[in-house]
Amino acid sequence: MIISSQLTRLSLVGVTLGLSLGLSLAASASDTPAQTSAEIRRTGFGVPHIRADNERGLGYGIGYAYAQDNLCLLANEITTVNGERSRYFGPDQFTVEERENLASDVFFTWLNTPQAVAGFWQAQTPPVRELVEGYVAGYNRSLSERRVQGLPPQCQGDWVRDITTSDLVKLTRRLLVEGGVGQFAEALAGATPPQAVARASSAQAAFQVAATRMQRFALDRGSNAVAVGSERSFNGRGMLLANPHFPWVGGMRFYQMHLTIPGKLDVMGAALPGLPVINIGFNQHLAWTHTVDSSRHFTLYRLQLDPKDSTRYLLDGQSLPMDKQTVTVNVRQADGQVRAISHEVYSSKFGPVVQWPGKLDWDHQYAYSLRDANLDNDRVLQQWYAMNRAENLKDFQATVHEIQGIPWVNTLAADDQGQTLYMNLSVVPNVSVDKLAQCSDPRVGLQMIILDGSNSACAWDIDPQAAQQGIYAADKLPQLLRKDFVQHSNDSAWMANPAQPLTGYSPLISQDSQPLGLRSRFALDRLSALAQAGKVEAADLQHMVMDDRVYQASLVMPDLLQFCAADLGTDAKTLAPLCASLKAWDRNANLGSGLGFVHFQNVMEALESVPDVWRVAFDPRDPQHTPRGLAVDHPQVAKALRAAMLASAEQVKAAGLKPDSRWGDIQVVSSGGQQTPIHGGPGTLGVYNAIQSVPRSDGKREVVSGTSYLQVVTFDENGPQAKGLLAFSLSSDPASKYSRDQTQAFSRKQWSVLLFTEQQILSDPDYQVQTIRRQDAKVAAQ
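- In the annotation of an unreviewed UniProt entry, the protein is listed under the name Acyl-homoserine lactone acylase PvdQ and assigned to Pseudomonas fluorescens.
- UniProt, in its Subcellular location (unreviewed entry) section for the protein, records the words "Periplasm".

Observations regarding the overall build of the protein
Consideration 1: For the protein, the count of helices and strands is 23 helices and 30 strands.
Consideration 2: Expected size for 782 residues packed as a compact globule is a radius of gyration near 28 Å; at 26 Å, the protein falls within 12% of this value.
Consideration 3: Considered along the principal axes of its C-alpha atoms, the protein spans approximately 80 × 75 × 55 Å.
Consideration 4: Residues classed as buried in the protein amount to 60% of the 782 residues present.
Consideration 5: Taking the average place of the 69 positive charges on the side chains of the protein and the average place of its 77 negative ones, the gap between the two points comes to 2 Å.

As for the UniProt feature "active site" (unreviewed entry) in the protein
Consideration 1: Taking the UniProt record as the reference, the feature "active site" (unreviewed entry) is found at Ser223.
Consideration 2: Inspection of the secondary structure assignment puts Ser223 in strand β3 (residues 222-228).
Consideration 3: Exposure remark for Ser223: the relative accessible area of 1% places this residue in the buried category.
Consideration 4: Setting aside residues no more than four positions away along its own chain, Ser223 makes contact with Asn243, Pro244, His245, Phe246, His290, Thr291, Val292, His488, Ser489, Asn490 and Arg519.

Considering the pattern of salt bridges
Consideration 1: One pass over the structure, following the stated rule, counts 27 salt bridges.
Consideration 2: Taking the shortest distance from any N to any O, the salt bridge between Glu39 and Arg51 comes out at 2.5 Å. Of this pair, Glu39 sits in strand β1 (residues 37-42) while Arg51 sits in strand β2 (residues 48-51), and the two are 12 residues apart along the sequence.
Consideration 3: Assessed through its relative accessible area of 26%, Arg51 is described here as partly exposed.

Regarding the sheet that holds strand β5 (residues 255-261)
Consideration 1: On the basis of which strands lie adjacent, the open sheet formed by 10 strands has the order β19-β17-β16-β8-β7-β6-β5-β2-β1-β30 and mixed pairing. Strands with a single pairing partner mark the edges of an open sheet, and in this sheet they are β19 (479-482) and β30 (768-773). Going across the sheet, the axis of each strand differs from the next one's by a mean of 15 degrees, ignoring polarity.

Concerning the packing of helix α18 (residues 596-607) against helix α19 (residues 635-654)
For any two helices packed against each other, one specifies the crossing angle of their axes together with the interaxial distance.
Consideration 1: In the contact formed by α18 and α19, the axes pass within 9 Å of each other and the chain directions differ by 135 degrees. Put simply, α18 runs oblique to α19. The two elements α18 and α19 cross, and the hand of that crossing is right-handed. Contact residues: α18 offers Val598, His599, Asn602, Val603, Ala606 and Leu607, while α19 offers Ala640, Leu641, Ala644, Met645, Ser648, Ala649, Gln651 and Val652.

Looking at the packing of aromatic side chains
Consideration 1: Enumeration according to the criterion identifies 19 aromatic pairs in this entry.
Consideration 2: Relative to Tyr255, the ring of Tyr66 has its centre 4.8 Å away and its plane inclined at 75 degrees; by these criteria the two rings are edge-to-face. In this pair, Tyr66 sits in helix α2 (residues 55-81) while Tyr255 sits in strand β5, placing the two residues 189 residues apart along the sequence. In terms of burial, Tyr66 and Tyr255 fall into one category: buried.
Consideration 3: An aromatic cluster of at least three residues, connected via ring pairs, comprises Trp585, Phe597, Phe600 and Trp663.
Consideration 4: It is Arg302 that lies over the ring of Tyr366; its NZ or CZ is 4.2 Å from the centre.
Consideration 5: Sitting over the ring of Trp460, Arg371 keeps its end group 3.8 Å from the ring centre.

Here we look at the environment of Pro695
Consideration 1: One can find Pro695 in strand β25 (residues 691-695).
Consideration 2: With a relative accessible area of 62%, Pro695 lands in the exposed category.
Consideration 3: In this structure, the C-alpha to C-alpha distance between Pro695 and Gln383, residues 312 residues apart in sequence, is 39 Å.
Consideration 4: Excluding residues that lie within four positions of it along the chain, Pro695 makes contacts with Lys700 and Arg701.

Quick word on unusual backbone geometry
Consideration 1: A cis amide bond, omega 0 degrees, links Thr626 with the succeeding residue Pro627.
Consideration 2: When you line up the elements, Pro627 lands in the loop between β21 (614-616) and β22 (628-630).
Consideration 3: The phi dihedral of Asn490 is positive, around 75 degrees, even though this residue is not glycine.
Consideration 4: Following the sequence through the fold, Asn490 ends up in the loop between β20 (485-488) and α14 (518-533).
Consideration 5: In this structure Asn490 comes out as buried when scored by relative accessible area, which is 14%.

Structural notes on the packing of α14 against helix α16 (residues 551-565)
Consideration 1: Where α14 contacts α16, the axes come no closer than 8 Å and their chain directions differ by 95 degrees. The orientation of α14 relative to α16 falls into the category roughly perpendicular. Two secondary-structure elements touch here, α14 through Leu518, Arg521, Phe522 and Asp525 and α16 through Tyr551, Gln552 and Leu555.
Consideration 2: Per-class residue counts for the contact of α14 with α16 are four nonpolar, one polar and two charged.

Re the state of the cysteines
Consideration 1: Taken as a whole and assessed by the stated rule, the structure comprises three disulfides.
Consideration 2: Bridging Cys72 to Cys155, the disulfide has an S-S length of 2.1 Å. Here Cys72 and Cys155 share a disulfide; its torsion about the S-S bond, -50 degrees, makes the bridge left-handed. Placement of Cys72 in helix α2 and of Cys155 in the loop between α6 (126-149) and α7 (165-176) is noted, with a sequence separation of 83 residues between them.

What to know about the pairing of β25
Consideration 1: Here β25 lies mainly inside the structure; four of its five residues are buried.
Consideration 2: Pairing geometry for β25 and strand β26 (residues 701-707), over five bridges, is antiparallel. Bridged to Gln692 within β26 is Ser705.

About the cut-offs
- Residues numbered from 1 in each chain as written.
- Predicted model: local features only at pLDDT ≥ 70, side-chain atom pairs only at ≥ 80, totals over all residues.
- Heavy atoms only, no water.
- UniProt positions renumbered as here; feature names shortened; annotations may be inferred.
- Helix = DSSP H or I, 4+ residues; strand = E, 2+ residues; numbered from the N terminus.
- Rg over C-alpha atoms; globule rule 2.2 N^0.38 Å.
- Buried < 20%, exposed > 50% of the residue type's maximum accessible area, 1.4 Å probe, protein only.
- Lys, Arg positive; Asp, Glu negative; His and termini not counted.
- Charge placed at Lys NZ, Arg CZ, Asp CG, Glu CD.
- Contact = heavy atoms within 4.5 Å.
- Salt bridge = Lys/Arg side-chain N within 4 Å of Asp/Glu carboxyl O.
- Pairing = 2+ DSSP bridges.
- Axes fitted to C-alpha atoms, helices over the stretch in contact; angles between N-to-C directions.
- Parallel < 35°, antiparallel > 145°, perpendicular 65-115°, else oblique.
- Left-handed = near helix turned anticlockwise from the far one by under 90°.
- Phe/Tyr/Trp six-rings, centres within 6.5 Å; stacked < 30°, edge-to-face > 60°.
- Lys NZ or Arg CZ within 6 Å of the ring centre and 35° of its normal.
- Nonpolar A, V, L, I, M, F, W, Y, C, P; charged D, E, K, R; others polar.
- Disulfide = S-S within 2.5 Å.

This is the structure in structure tokens:
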């Protein structure tokens, strides 16, 4: 993700019901019972421990605390998911994700129709509804209090308003489609029939940005996870490392909290904005985390168009009209006036038509529809709440089997009995290997699944055991229960544990015999070394991240140094400083690591596209150790390497970096006019502590995503023992004392104890408590 200067269930609900229920959503917060209350106890770093007697009170406390720390962030995201950015900020400004406001508004207005929002809300259980309703009331109370004090500078304007339950539904639906149609917002908003006049002025640039964002989806939303079982752990109980890599700004920024309903719920961890549940965390008996999976959560369909009309398509030989939905967006004009602009979104029975110039063209012969399985996933909040309350690993696994609400991530867990679990039980289209062979063009490959939209037999299969039509049932998806370990770093399910490879699945679920990412290879290498050394301790899991080892360096540095030692001819003088820095580099991504790390990044990035670059090619029989080495004796590789080194020398000179520059001088994160040096580096180089940063005009690099919430959880006879950090800190408000404190601790590699028991919480020197009651807020408003 790039930093910007600015910050369906469609079919089952009738229009009348949708509109009336939609109106009831807006009013629900005002109906909150007067006795709703919550206790917010904050400890070190401002971490809120929220306790209430019921779900409504708990949601009330969550919304209130979240607004105290991230009011402007949530207000901004609410504006986005309501398709109102053009109205308030103009159509040509950009979202945090560098998406043009108008395209964003068209997409979210299409996604979050009153019918879709009402259908989602109708499907929720009473406890989930109470959590959401409480959250709305708590956020609105906090907003009211902040208005009296004065809103922060970054969220002053009429776009900041009280929220409703429908706003949180829209936010949740946005989360659901992050792994599918959400990546095609520009392609949906820009799709026009071939005879229509398309907006062409900035279209190509917008699609280039969108293409870059799609390629970086797994980088910005990646993760590492390791669960160690009784056979390997120091005390025979389970252990878990959670290391999600998520954006440091915007709607995917984690929030740390501890939630308690006495006798019913006691869970701690991190949640995404607007969600009244823990996404990654631990309770008394188990700990879990997620990693972005490699499964496909959508398919494209190539529509064969009626030669007489490019808005009609042929299905089983019959010409059918595309559905046409008018999407209206209010747009602020240059003179400040607001004008309604309408756009037609066309759809086939396989989903909305998307158009990507040069890739998915809509011409007189073909068009492309996209079907996203998560558009019908109304179970996601129920899923996480059930996981939060699970009392053992068996119950935990059973809730995922039954509900199937996980959208686009794997799940890894460990419990106090020493068991570990890997599950790739997300929402995946039911398209078998045989159906792929019959319905897809093999020349396209498997990077993007494109099925034949002229044949109804190519629709997704329906399994009566699945939680929704058209997805795989849970028992058909990869899962592994072991007592040694499971691990994952965004590859397929194949090598979660090499002792028991997971194979034989549809390519939409998992592909085996493919090269592993370097973070996975590092994890397997480190776990193997730990097994030889003895039992695994909690500190060992911390070191996997905090050592900041650049794993790729162990595979190629001997060849790079060999190349440097050879006769470089007329380039020898120019490359001498670069080669010296490579030789002196400690092969880590620490704050003190030298300029050699910058050169290494530049060189390896340039070599990514060079054919036959590896000295030892990938061997599916040895995926943990291949490919490796650089084929520097091959003329074409040597030529490319020399060019990459010369280019890196120029880049470093242009950036103004000095021979004694250190990584901590270069990679930073800014907040409130202050900078904090950040260790870690690109996960593509095998840096387990994956950090994504983008170049700045001053030669530095600004962190935009990567290691976010960290936790290492072990268990003993007293329950969970946890340490962790929220790398970007609790608050996104630069004026908050909680906006940089954990970031500085992360920079120093100082983890903190995650306070879970009453004794730990009450004895914390930073302990403070605030009790909020709905009745008090009503009295104050009178």
